[in-house]
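Letter by letter, the chains look like this.
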Amino acid sequence: MNADEGRAESKKELPNKSLLLAVCAAGIGGTFQYGYNISVINAPTAYVQDFINQTWSKRYQTQISDDGLTLLWSTIVSIFTLGGLTGAMIGGTLSVRVGRKGTLLTNNIFAFLAALLMGLSYPTGLFELLIIGRFISGLNAGISICVQPLYLGEIAPTSLRGAMGMGTSIFITGGIFTGQVIGLRELLGKEEYWPILLSTTCIPAFLQLLILPWFPESPRYLLIDKGDEEGCKKALKQLHGIADCDGEREDIEKERNNLSGLQAKKPWELFADRSLRWQVLTIILLNAAQQLNGINAIYFYAGYVFKQSGIPSDKIPYATVGTGACECITALTCGMLIDCLGRKVLIMGGYTLMAICCILFTLTLTFQEASPVVPYLSMVCVFAFILSFGLGPGGVTNILTTELFTQNSRPAAYMLAGSVNWSSFFFIGLVFPFIVLGLKQYCFLVFLVICCLVIIYIFLVVPETKNKTFLEIQNEFQSSKKRQIGCSDGAGTILLSTSI
């Protein structure tokens, strides 16, 4: 327990400047792209649809039907998720073969290619290039959201792993906010600028290629996967400072000794390993819940709520920018609190607040016409729900995926988590319109049930991971009484950790 106390004491120290810059370098061309490409497509919707209509008329000498136009536009928007799913399925494998940093740098090829194709769509009169470009953008985002949290979780010291891991969420929300701002009419939101707007995805990629090469590969990857002791020592000194690198080096050595002779697992091998079944079940449920908890429904209703509150239609984009700013602030707040309050408190607290917001939002939407005050209460619920999501599920889920697995199973876990996340994203996009059509505002009662079930599961199953090494977390899962009941056949094997 002395090691735990020592890590808790070191928690008060500020992160090394080099570590912070490495997080920024990974994030700007990583999950920033995910958030940016989700939001930037909204601003030019009408202009892209006009372009498709005009192109179709020139090509076939007839107007495209409304259904055909809707289908093509839906394809352009939703194929991003298909690309993301593909990226998630290959991201873990790439991170093992070329390294975490190497994968992030290589991934920028897809960002440049996507920017080129989308930028050329208008001058060439080929709307098909938009579809291909969006798929490749999704591929880039899928790899990023798989590999960047892996890299951040492995370069951070144990005492700062939560705060540094929040870089993933901070850059996603920063990307969403930036896409919303750049899409305003005062910047690139005018009709003549939409090809340039969609091509700006190359800028973060360029910045990452400029900055990230100055920072080292993941020390854990260097020592455990590659056996490069000198490279690991050099990386730790640069990222943590000379004074603080010895403790982390010792933890990495202990993990390497426990994993000696074991190869990196494939995603399907995680299901076959009975010692990992609770961790696997946890990341599947949490990543599915991250998309199915109602956050997408809130954004769907946001425009309607703003309009009912008296905000003019031409001013609603500015209110939407406010939701993006709200997410950014919450992600930063979560980053400051996570190593103080712990992961379990934040994620349970976030889901609890979201459940309360689901009830209140259902009531305010139901009685929207009862009083002039009610639309404003609905608007408060929108922001409160977004704040609650950012405070818990939005940031903590990715960190838990890093922390619940050891080095040989972590890339496969991210491939699995990413696949579940993107599949859920696609599913909710496909099914949600029908849910709204059938249940209207009462759809939030479905999300209320999901939030409550997740709260119960986290309370009963997920341990607190704050200030614990990966081996200690693994052993806590293995030795917990509620898992011993499920593993009474003795199939589970507790990892030997010399730190306990």
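Since the model is a prediction, treat every value here as computed from it, not as a measurement.

About the thresholds
- Residues numbered from 1 in each chain as written.
- Predicted model: local features only at pLDDT ≥ 70, side-chain atom pairs only at ≥ 80, totals over all residues.
- Heavy atoms only, no water.
- Helix = DSSP H or I, 4+ residues; strand = E, 2+ residues; numbered from the N terminus.
- Buried < 20%, exposed > 50% of the residue type's maximum accessible area, 1.4 Å probe, protein only.
- Lys, Arg positive; Asp, Glu negative; His and termini not counted.
- Charge placed at Lys NZ, Arg CZ, Asp CG, Glu CD.
- Contact = heavy atoms within 4.5 Å.
- Polar contact = N/O pair within 3.5 Å; in protein donor to acceptor, adjacent residues only side chain to side chain.
- Phe/Tyr/Trp six-rings, centres within 6.5 Å; stacked < 30°, edge-to-face > 60°.
- Expected span 1.5 Å × (residues − 1).
- Axes fitted to C-alpha atoms, helices over the stretch in contact; angles between N-to-C directions.
- Left-handed = near helix turned anticlockwise from the far one by under 90°.
- Nonpolar A, V, L, I, M, F, W, Y, C, P; charged D, E, K, R; others polar.
- 1 Å grid on protein atoms, 1.4 Å probe; cavity = no way out; pocket = protein on both sides within 12 Å on 5 of 7 lines; lining within 4 Å.
- Points joined across faces, edges and corners; volume = space filled by probe spheres on them.
- Parallel < 35°, antiparallel > 145°, perpendicular 65-115°, else oblique.
- Disulfide = S-S within 2.5 Å.
- Salt bridge = Lys/Arg side-chain N within 4 Å of Asp/Glu carboxyl O.
- pLDDT = per-residue confidence, 0-100.

Draft legend 1. Highlighting the overall build of the protein chain. In terms of helices and strands, the protein chain carries 26 helices and 0 strands. Seen through its principal axes, the protein chain has C-alpha atoms that stretch 70 × 50 × 40 Å. The proportion of buried residues among the 500 residues of the protein chain is 56%. If you average the places of the 36 positive and of the 35 negative side-chain charges in the protein chain, the two averages end up 2 Å apart.

Draft legend 2. A look at the environment of Asn16. Following the sequence through the fold, Asn16 ends up in the loop between helix H1 (2-10) and helix H2 (17-28). Its relative accessible area of 23% is what places Asn16 among the partly exposed residues. For Asn16, the contacting residues outside a window of four places in its chain are Gln238, Leu239, His240 and Gly241. In this structure the side chain of Asn16 is engaged in a polar contact, spanning 2.7 Å, whose partner is the backbone nitrogen of Ser18.

Draft legend 3. The arrangement of the packing of aromatic side chains in detail. Tallied over the full model, the rule gives 11 aromatic pairs. With a centroid separation of 4.7 Å and 50° between ring planes, the pair formed by Trp56 and Tyr60 is classed as tilted. One end of the pair is Trp56 and the other is Tyr60, both in helix H4 (residues 45-60) and 4 residues apart, which spans about a single turn. We classify Trp56 as partly exposed; its relative accessible area is 25%.

Draft legend 4. View of H4. Here H4 is 16 residues long and its end C-alpha atoms lie 22 Å apart, about the 22 Å a rise of 1.5 Å per residue gives. Of all the positions in H4, only Tyr47, Val48, Phe51, Ile52, Thr55 and Ser57 are classed as buried. Those residues of H4 hidden inside the fold are in contact with helix H5 (66-97), helix H7 (108-124), helix H8 (128-155) and helix H11 (194-199). Count one or two residues on from H4 and you reach Gln61, which has phi positive near 55°.

Draft legend 5. Highlighting the packing of helix H3 (residues 31-40) against helix H10 (residues 167-182). The geometry of H3 relative to H10 is characterised by a closest axis approach of 7 Å and an angle of 35° between their N-to-C directions. Crossing hand, H3 versus H10: right-handed. Across the interface between the two elements, Thr31, Phe32, Tyr34, Gly35, Tyr36, Ser39 and Val40 of H3 pack against Gly167, Thr168, Phe171, Ile172, Gly174, Gly175, Ile176, Thr178, Gly179, Gln180 and Ile182 of H10. For the contact of H3 with H10, the residue count by class is 8 nonpolar, 10 polar and no charged.

Draft legend 6. Layout of empty space enclosed by the protein. Going through the model one piece at a time under the given rule, you end up with 4 cavities of 30 Å³ or more. Its boundaries defined by the atoms lining it, the second largest cavity holds a volume of some 50 Å³. Around the second largest cavity, the lining residues are Pro149, Gly153, Arg161, Gly165, Thr168, Asn398, Ile399, Thr402 and Glu403. Listed by contribution, the elements that provide at least two residues to the lining of the second largest cavity are H8, helix H9 (161-165) and helix H22 (393-403). Element by element, the count of residues in the lining of the second largest cavity is highest for H22, at 4 residues. For the lining of the second largest cavity, the residue count by class is 2 nonpolar, 5 polar and 2 charged.

Draft legend 7. Looking closely at the packing of H7 against helix H12 (residues 202-211). Where H7 contacts H12, the two axes come as close as 8 Å, and the packing angle between them is 150°. Classified by the interaxial angle, the pair formed by H7 and H12 is roughly antiparallel. For H7 against H12, the interelement crossing comes out left-handed. Where H7 abuts H12, its residues Asn108, Ala111, Phe112 and Ala115 lie against Cys202, Ala205, Phe206, Gln208 and Leu209. Broken down by class, the residue content of the contact of H7 with H12 amounts to 7 nonpolar, 2 polar and no charged.

Draft legend 8. Inspection of the state of the cysteines at higher detail. Applying the stated criterion across every chain yields a total of 0 disulfides. Looking at Cys358, it has no disulfide partner, and the nearest cysteine sulfur is the one in Cys451, 4.9 Å off. The exposure class of Cys358 is buried, given its relative accessible area of 1%.

Draft legend 9. Here's a closer look at the pattern of salt bridges. Counted under the stated rule, the structure contains 12 salt bridges. The salt bridge involving Glu253 is made with Arg249; its shortest N-O contact spans 3.3 Å. Of this pair, Glu253 and Arg249 both sit in helix H15 (residues 245-258), 4 residues apart, which is roughly one turn of the helix. Each member of the pair, Glu253 together with Arg249, is buried. One network of salt bridges, in which partners are shared, links Arg161, Asp339, Arg343 and Glu403.

Draft legend 10. Inspection of unusual backbone geometry at higher detail. Residues other than glycine seldom take positive phi values, yet Gln61 does so here, at roughly 55°. For Gln61, the location among the structural elements is in the loop between H4 and H5. When its relative accessible area of 64% is taken as the criterion, Gln61 is described as exposed. Even without being a glycine, Asn467 presents a positive backbone phi close to 60°. Structurally, Asn467 can be placed in the loop between helix H24 (443-461) and helix H25 (470-479). A relative accessible area of 8% places Asn467 in the buried class.

Draft legend 11. Here's a closer look at the confidence of the model for the protein chain. Looking at the protein chain, pLDDT values average 84 and 92% of them are 70 or higher. Here residues 1-12 is a poorly scored stretch, pLDDT under 50, and it has 17 contacts once near neighbours within four places are set aside; other chains count. Counting contacts from residues 481-500, a segment whose pLDDT is below 50, to residues more than four positions away or on other chains yields 35 contacts.

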